[in-house]
Amino acid sequence: APESLMQALEDLDYLAALDDDGNLSEVGIIMSEFPLDPQLAKALIASCEFDCVEEMVSLAAMLTGSAGSVRGVGWHRSEGLTRACAASVSPCFVPPAPHLEEAVAARRRALLHPHGDHFTLINVFNAFHQHNTDEGWCRKHAVSAEALRLAGVVRAELLEVMQRIELPISPPAFGTDSNLLNLQRALISGYFLKVARDIDGSGNYVMLTHKHVAHLSPGCCYLLRRPPPRPPPWVLYHEFTISQDNCLRVVSEIQPQMLVELAPQYYLSNLPPSESRDLLAQLRHEVVAPQETPVGPAPQETP
């Protein structure tokens, strides 16, 4: 549909992937090198700036690797570039046997990260390799060994792309406070188009770009923890499934201050009128006002 094409062009413009003439910008050319959707490609590029490449490349592999083999469905090579076609989230978790549900749930909770599903996926990927890709460990936690192995293949290919185009690769630092903040910054740099706010404190999320109300997926880490924490006020999500269960999938909490600092101002200005936009505008004013306060000469003492 023409409307969908126009929306896609607008999204690419917000991501700085297009220049003023509608051609690929320098950032857009780099983004096109990756077998990822544009938002995830932008987040991966931003991870170079925020020194969290090792973690972001693992996350990117987990979010896309299960969609299809690098050499199989959904992937193909064209003019030396690898691209992903219609890649979508395919959870690495699989349903456990009924008589094992309680035991598996307890083991899985040890993998949940308090800051969200994105960080939980990195936890799972790291734990799989710390256990030497053991299928027995996968069965105990009811995770797909095939999906995790495929994520490893995709991760290696993403690193190859980064090395080929000479992007800096920072050392691993997962688990540190600074790495947590840097991962959030990198994610917001690519996913500011997919942010939602809890409007009533009970998990009813309104997406910033339109009026849809959605809920957290039953598999969200915030719902699986015991006792469940309060619903995060602001979240960044990877996928919204309106056709099935009206859920946000792969969700992590963010601070709106980061959104104001990292999202393009013209994107924030173009959001539909809402309380969320008003809150962001107020935050923007609080961030910008001190920077714009003129510094005059020091008052001279009166003789």
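The rules behind these values
- Residues numbered from 1 in each chain as written.
- Predicted model: local features only at pLDDT ≥ 70, side-chain atom pairs only at ≥ 80, totals over all residues.
- Heavy atoms only, no water.
- Helix = DSSP H or I, 4+ residues; strand = E, 2+ residues; numbered from the N terminus.
- Buried < 20%, exposed > 50% of the residue type's maximum accessible area, 1.4 Å probe, protein only.
- Pairing = 2+ DSSP bridges.
- Core = buried A, V, L, I, M, F, W, Y, C linked by side-chain atoms within 4.5 Å.
- Contact = heavy atoms within 4.5 Å.
- Axes fitted to C-alpha atoms, helices over the stretch in contact; angles between N-to-C directions.
- Expected span 1.5 Å × (residues − 1).
- Left-handed = near helix turned anticlockwise from the far one by under 90°.
- Nonpolar A, V, L, I, M, F, W, Y, C, P; charged D, E, K, R; others polar.

An unreviewed UniProt entry annotates the chain as DQX1 helicase originating from Eudromia elegans.

Here's the deal with unusual backbone geometry
The peptide bond linking Arg 226 to Pro 227 adopts the cis configuration, its omega dihedral lying at -10 degrees. Structurally, Pro 227 is set in the loop between helix H10 (221-224) and strand E6 (234-241). Phi angles above zero are rare outside glycine, and Asn 132 is one such case at about 55 degrees. Within the secondary structure, Asn 132 is located in the loop between helix H6 (117-130) and helix H7 (135-141). Residue classification places Asn 132 among the exposed residues on the basis of a relative accessible area of 63%.

A look at the pairing of strand E7 (residues 247-253)
Extensive coverage of E7 is indicated by the burial of 6 of its 7 residues. Summarising the sheet, strand E5 (residues 213-216) and E7 pair through 2 bridges and their orientation is parallel. Counted as the bridge partner of Leu 216 is Leu 248 from E7. For E6 and E7, the ladder comprises 6 bridges, and the chain directions are antiparallel. Across the sheet, the residue bridging to Leu 236 is Ser 252, located in E7.

Considerations on the pairing of strand E3 (residues 195-198)
Side-chain positions along a regular strand alternate between the two faces of the sheet. Side chains of E3 alternate between two faces, with Val 195 and Arg 197 and Ala 196 and Asp 198 buried alike. Both E3 and E6 contribute to a ladder of 3 bridges, which runs antiparallel. Each residue of the ladder has a partner; that of Arg 197, found in E6, is Trp 234. In this sheet, strand E4 (residues 205-207) lies alongside E3 in antiparallel orientation, the contact comprising 3 bridges.

With respect to the nonpolar core
If you look at the biggest cluster of nonpolar residues, it comprises 67 residues, and the most contacted ones within it are Phe 34, Leu 148, Phe 192, Leu 259, Tyr 267 and Leu 280. What Leu 259 contacts, discounting residues up to four positions off in sequence, is Ile 188, Phe 192, Val 195, Leu 208, Trp 234, Leu 268 and Leu 280. With 13 residues, the next largest nonpolar core counts Met 207, Ala 214, Tyr 222 and Leu 248 among its residues.

Thoughts on the sheet that holds E4
Taken together, the 5 strands give a closed barrel; going around it, the order is E3-E4-E5-E7-E6, and neighbouring strands pair in mixed fashion. Direction aside, neighbouring strands of the sheet carry axes that sit 50 degrees apart on average. Lying over the sheet, H6 contacts E6 and E7, oriented at roughly 85 degrees with respect to E7. The strands touched by helix H9 (residues 177-191) within the sheet are E3, E6 and E7, with E6 carrying the most contacts at an inclination of about 50 degrees.

Quick look at helix H4 (residues 53-64)
For an α-helix, the turn length of 3.6 residues means that residues three or four places apart are oriented alike. Taking 1.5 Å of rise per residue, the 12 residues of H4 would be expected to cover 16 Å, and the 16 Å separating its terminal C-alpha atoms lies within 8% of that figure. Within H4 the residues assigned to the buried category are Val 53, Glu 55, Met 56, Val 57, Ser 58, Leu 59, Ala 60, Ala 61, Met 62, Leu 63 and Thr 64.

Topic: the environment of Val 27
Along the polypeptide, Val 27 turns up in helix H2 (residues 26-31). You can call Val 27 partly exposed: its relative accessible area is 30%. Spatially, the C-alpha atoms of Val 27 and Ala 17 are 5.5 Å apart, while their sequence positions differ by 10 residues. Ignoring anything within four residues of it in the chain, the contact list for Val 27 reads Leu 15, Ala 16, Lys 42 and Ile 45.

With respect to the packing of helix H3 (residues 38-49) against H9
At a closest axis distance of 7 Å, the pairing of H3 and H9 adopts a crossing angle of 145 degrees. Two packed elements cross with a definite hand, and for H3 against H9 that hand is right-handed. Between H3 and H9, the residues in contact are Gln 39, Leu 40, Lys 42, Ala 43, Ala 46 and Ser 47 and Ala 186, Leu 187, Ser 189, Gly 190 and Tyr 191, respectively. Per-class residue counts for the contact of H3 with H9 are 6 nonpolar, 4 polar and 1 charged.

What about the side chain of Thr 120?
Secondary-structure assignment places Thr 120 in helix H6. With a relative accessible area of 4%, Thr 120 lands in the buried category. Discounting residues that sit within four places of it in the chain, Thr 120 has contacts with Leu 111, Leu 112, His 113 and Cys 221.

Comments concerning helix H1 (residues 2-14)
Over its 13 residues, H1 extends 18 Å from the first C-alpha to the last, a length consistent with the 18 Å expected when each residue adds 1.5 Å. Trailing H1 by a residue or two, Ala 16 shows a phi angle of about 65 degrees, which is positive.

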